[in-house]
Amino acid sequence: VKCENIHLKVSDYDSFQFISERDVEFQLKNSALYPIGKKHSDINLTAIEQALMQLNMVKDVTCFFANNGDVCVSVTQRVPMFRVKHDGVDYYVDNDRKRMPTSIRFSAYVPVVTGNVSFDFASTELYDFIHYLQSESRWRSAFTQICVYNGTEVDLVPRVGDFVVRLGTLERYESKLKKLDKFLSVLPKYHSWDKYSVINLEFRDQVVCR
C-alpha cells in the first residue's frame, strides 16, 4: 500500500501561529521523511515524530496511519505564558515553565516582563504570580507590563491611569492586590486617576501613595 495523502493539523493555530502546516511539510521534505508516494513499509512514523519535535516551537507530535492508508500528523504548539525582555534578552516562558524562543513571524499577546529578571525567578515565583493574574477576571487585562527590579521585586504598569503599582516582593501578593482593588474602588471619589505617580502596596495593612 502506498501513501496517497498526508493530513496535517496544527493545534491552536487561530491563537498562535508559531508553526504552520507549511513548516511541517517543509521539515518532513527536508528530512527525506515526506510520506506521499512511499510504501507503508518504508514510512517510519517514529522518525517523522522525532523530526518534527526538533522544531523549537513544537510541544508534541502524533503520527499515525488512517484506515484508508493516508498519513495523519497532529502537531501541538508550545503555549507562551509571558514574554521576558531585558538587556538584549528576549524570550517567552511557556506554560511548562520552560524558556521558549520568540518568532519573527508571530508575536503572542501575553504579559511583557522587563527589568533585571533571571530565568530562575521568571520560571518560579514570577510564573506563579502571572498565572494568578491570568486566572482572575479582575486582573487578567489590568496591567500592560511587569517591571522587575532588585532581582525579585515587582512594579506593575496598569492599562488605565498614569501611575505605577509597587508590589515589592511577591510575598502576600493576593492580599496586596485585594488592597489595590479596594483602594481603586474609592480613589475616583477623592482624586483623579492622575493624582499619584506611585501606589505602593509593600506595607502590611497600608496603601502608601506618592
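Refer to the structure above for everything that follows.
**Q** Got a minute to help me understand helix H1 (residues 21-30) in this structure?
**A** Each turn of an α-helix holds 3.6 residues, which means side chains three or four residues apart point in the same direction. Residues Asp 23, Val 24, Gln 27 and Leu 28 constitute the buried set of H1. Take H1 and look down its axis: the buried residues cluster within an arc of 130°, on one side only. Exposed side of H1, more than 90 degrees from the buried face: Arg 22, Phe 26 and Asn 30 are the residues found there. Buried-residue contacts for H1 involve strand S1 (6-10), helix H2 (45-53) and strand S3 (71-77). Residue Ala 32 follows H1 closely and has a positive phi angle near 60°.

**Q** How do you make sense of the sheet that holds strand S5 (residues 89-94) when you look at a structure like this?
**A** For sheets, the rule is that strands pair by backbone hydrogen bonds, running either parallel or antiparallel. Read from one edge of the open sheet, nine strands run S6-S5-S4-S7-S8-S9-S10-S11-S12, paired in mixed fashion. Looking at strand neighbours, the two that pair on one side only are strand S6 (99-101) and strand S12 (208-209), the edges of this open sheet. Relative to S12, strand S11 (residues 198-200) runs antiparallel, the two being bridged by two bridges. Paired with Asn 200 across the bridge in S12 is Val 208. Sheet strands in contact with helix H4 (residues 125-135) are strand S4 (80-86), S5, strand S7 (112-115), strand S8 (143-149), strand S9 (153-158) and strand S10 (164-168), and its direction is about 125° off that of S4.

**Q** Honestly, helix H5 (residues 173-190) in this entry has me stumped. Any pointers?
**A** Helix length check: H5, at 18 residues, gives a terminal C-alpha distance of 26 Å against a target of 26 Å (1.5 Å per residue), a fit within 8%. Maximal helix bending in H5 amounts to about 30°, located at Leu 184; proline Pro 188 follows within four positions. Those residues of H5 that fall on the buried side of the exposure criterion are Tyr 173, Lys 176, Leu 177, Lys 179, Leu 180, Phe 183, Leu 184 and Leu 187.

**Q** Just to check I follow, could you spell out the packing of H4 against H5 for this structure?
**A** In a packed pair of helices, the relevant descriptors are the angle between the two axes and the axis-to-axis distance. As a packed pair, H4 and H5 sit with axes 11 Å apart at the nearest point and diverge in direction by 40°. For the element pair H4 / H5, the angle class is oblique. In the packing of H4 onto H5, the handedness of the crossing is right-handed. Seen from H4, the contacting residues are Asp 128, Phe 129, Tyr 132 and Leu 133; seen from H5, they are Tyr 173, Glu 174 and Leu 177. Tallied by class, the residues present in the contact of H4 with H5 amount to five nonpolar, no polar and two charged.

Scoring rules and cut-offs
- Residues numbered from 1 in each chain as written.
- Predicted model: local features only at pLDDT ≥ 70, side-chain atom pairs only at ≥ 80, totals over all residues.
- Heavy atoms only, no water.
- Buried < 20%, exposed > 50% of the residue type's maximum accessible area, 1.4 Å probe, protein only.
- Helix = DSSP H or I, 4+ residues; strand = E, 2+ residues; numbered from the N terminus.
- Arc of directions from axis to C-beta.
- Contact = heavy atoms within 4.5 Å.
- Pairing = 2+ DSSP bridges.
- Axes fitted to C-alpha atoms, helices over the stretch in contact; angles between N-to-C directions.
- Expected span 1.5 Å × (residues − 1).
- Bend = angle between axes of the 7 residues up to and from the residue.
- Parallel < 35°, antiparallel > 145°, perpendicular 65-115°, else oblique.
- Left-handed = near helix turned anticlockwise from the far one by under 90°.
- Nonpolar A, V, L, I, M, F, W, Y, C, P; charged D, E, K, R; others polar.

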